[in-house]
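# Structure at a glance
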Amino acid sequence: MVVGGLREFALRRNGDGSPALDESNGEELMHVQPSVAVALGSRSVESPGTLYITSRKLIWLSDVDVAKGYAVDFLSISLHAVSRDPQTYSSPCIYTQIEVVEDDEDDTESTGVLDLSKIREMRLVPSDSTQLDTLFDVFCECAELNPEPVEEEEEESGHNWVFSADQMVVGGGGEEDAEWQISQSPTSVIGHSNGGDESIAQPMLELRINDQRFDDAEEMVHESETKDH
C-alpha cells in the first residue's frame, strides 16, 4: 500500500490559528492538546506546539513559528504506544511508527534538509504527562475509524488488531478464535498496531495466548502415546 508518511502542514484558519480541515469530506476535530513538543526520528525535541487529532490525521502546529507544522494520516501510522520508561526515552511520550516508502537513503538529503517523507518515528511529548492515557485512547478511537485496507486474498486469514491496556479485540474472527490477553508491566508501554514492523513492536507488548485449540492438540498427543503403550 502506498502511504503518504509525515509531511509539512501550515494551513491555519484565520483568527484562532487552528488547522483547516477537510470538512466537506467528513473530517472532524476529535481532540486538542496544547503544549506538546515533538521529536522526529533521532532528532532533538522541538519547541512545544499544539496537537490536533482529527478523524483522519494528526496535526502538530508550532506555537513559536506559525509557518511550521506537521501532519500524518492515521493510515500511515503503523503503531502508536505510551512510553513511560526513562531508559527508552527521557520523557513520557506517545511513540509512533510511520510507514514510509522503502529505500536506502536516510532522512536527510545531501543538502542537509530534513526529508519528512523518510521519518519513521515520531514522539509526542505533552508537558502534562497525565494526559498520555487520554491521548492514547483518542489515538485508538481514530485508528479504528481508519482501518488498514485488507487485500482480497487476506480477508479470510487476516485479523485487524486493536488493543489497549485492559482489553483486546481481534477483528475478523468468531467465538472459536483464540482469546487474547495483554499484560502490562509498570515500565512497559501499551500500544496499538496497524500492522507495522513486528520486530520493533514486539518488545513493547507482552501477549499471552489462551487458545483451546492448543489444549485439544495436547490431549490428542497424550491419547496417542497411551495407545502406543
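Only a predicted model underlies this, so the values are computations on that prediction, with no experimental measurement involved.

Assigned secondary structure in the protein chain consists of three helices and 13 strands. A burial count over the protein chain gives 38% of its 229 residues as buried. Partitioning the intrachain contacts of the protein chain with sequence separation of at least 6 by distance along the chain shows that 60% fall at a separation of at least 24.

Let us look at the pattern of salt bridges. Where side chains of opposite charge bring their charged atoms close, a pairing between them can arise. Following the criterion strictly, the structure yields six salt bridges and no others. Arg84 is paired through a salt bridge with Asp133; the nearest N and O atoms lie 2.8 Å apart. Taken together, the residues span a long stretch of sequence, with Arg84 in the loop between strand E6 (77-83) and strand E7 (93-98) and Asp133 in helix H1 (residues 132-145) at a distance of 49 residues. Here Arg84 falls in the partly exposed class, since its relative accessible area comes to 34%. Residue Asp115 is joined to Lys118 by a salt bridge in which the shortest nitrogen-to-oxygen separation is 2.6 Å. Assessed through its relative accessible area of 14%, Lys118 is described here as buried.

With that settled, consider the side chain of Asp115. Looking at the element boundaries, Asp115 is found in the loop between E7 and strand E8 (121-126). For Asp115, a relative accessible area of 14% translates into the label buried. A polar contact is formed between the side chain of Asp115 and the side chain of Ser117, at a distance of 2.7 Å.

Glancing now at the pairing of E6. Counting buried residues in E6 gives seven out of seven residues, a clear majority hidden from the surface. Sheet analysis places E6 next to E7, joined by six bridges and oriented antiparallel. In the strand pairing of E7, Ala81 is matched with Tyr95.

Under the criterion given, the structure shown has two aromatic pairs. Each ring, one from Trp60 and one from Tyr70, has its centre 5.6 Å from the other, and the planes form 15°; the classification is stacked. Here Trp60 is found in strand E4 (residues 57-62), whereas its partner Tyr70 is found in strand E5 (residues 69-73), with 10 residues between them in sequence. The class for Tyr70 is buried, based on a relative accessible area of 7%. Summarising the aromatic geometry, the rings of Phe74 and Phe139 are spaced 6.0 Å apart at their centres and angled 85° between planes, so their arrangement reads as edge-to-face. With a gap of 65 residues between them, Phe74 in the loop between E5 and E6 and Phe139 in helix H1 connect regions that are remote in the sequence. For Phe74, a relative accessible area of 1% corresponds to the buried category.

Put simply, the protein chain has an average pLDDT of 75, and 60% of its residues get 70 or more. Within the model, pLDDT remains below 50 along residues 158-189, and this stretch shows 65 contacts once partners closer than five positions in the same chain are excluded. Every residue in residues 196-214 is under pLDDT 50, and counting partners more than four places away or in other chains gives 36 contacts.

This brings us to the nonpolar core. Within the largest apolar cluster, 26 residues are counted, with the highest numbers of intra-cluster contacts made by Leu6, Leu40, Ile53, Leu58, Ile94, Met122 and Leu124. Only strand E2 (29-40), strand E3 (49-54), E4, E5, E6, E7, E8 and H1 provide two or more residues apiece to this core. The greatest single-element share of this core, amounting to seven residues, is contributed by H1. Ranked by size, the runner-up nonpolar core spans six residues in total, among them Phe9, Tyr52, Leu61 and Ala71.

Within the secondary structure layout, Ala20 lies in the loop between strand E1 (7-8) and E2. A sequence separation of 10 residues divides Ala20 from Ala10, and the C-alpha atoms of the two residues are 8.8 Å apart. Ala20 has contacts with Phe9, Leu11, Arg12 and Arg13, leaving out every residue within four places of it along the chain.

Thresholds applied
- Residues numbered from 1 in each chain as written.
- Predicted model: local features only at pLDDT ≥ 70, side-chain atom pairs only at ≥ 80, totals over all residues.
- Heavy atoms only, no water.
- Helix = DSSP H or I, 4+ residues; strand = E, 2+ residues; numbered from the N terminus.
- Buried < 20%, exposed > 50% of the residue type's maximum accessible area, 1.4 Å probe, protein only.
- Contact = heavy atoms within 4.5 Å.
- Salt bridge = Lys/Arg side-chain N within 4 Å of Asp/Glu carboxyl O.
- Polar contact = N/O pair within 3.5 Å; in protein donor to acceptor, adjacent residues only side chain to side chain.
- Pairing = 2+ DSSP bridges.
- Phe/Tyr/Trp six-rings, centres within 6.5 Å; stacked < 30°, edge-to-face > 60°.
- pLDDT = per-residue confidence, 0-100.
- Core = buried A, V, L, I, M, F, W, Y, C linked by side-chain atoms within 4.5 Å.

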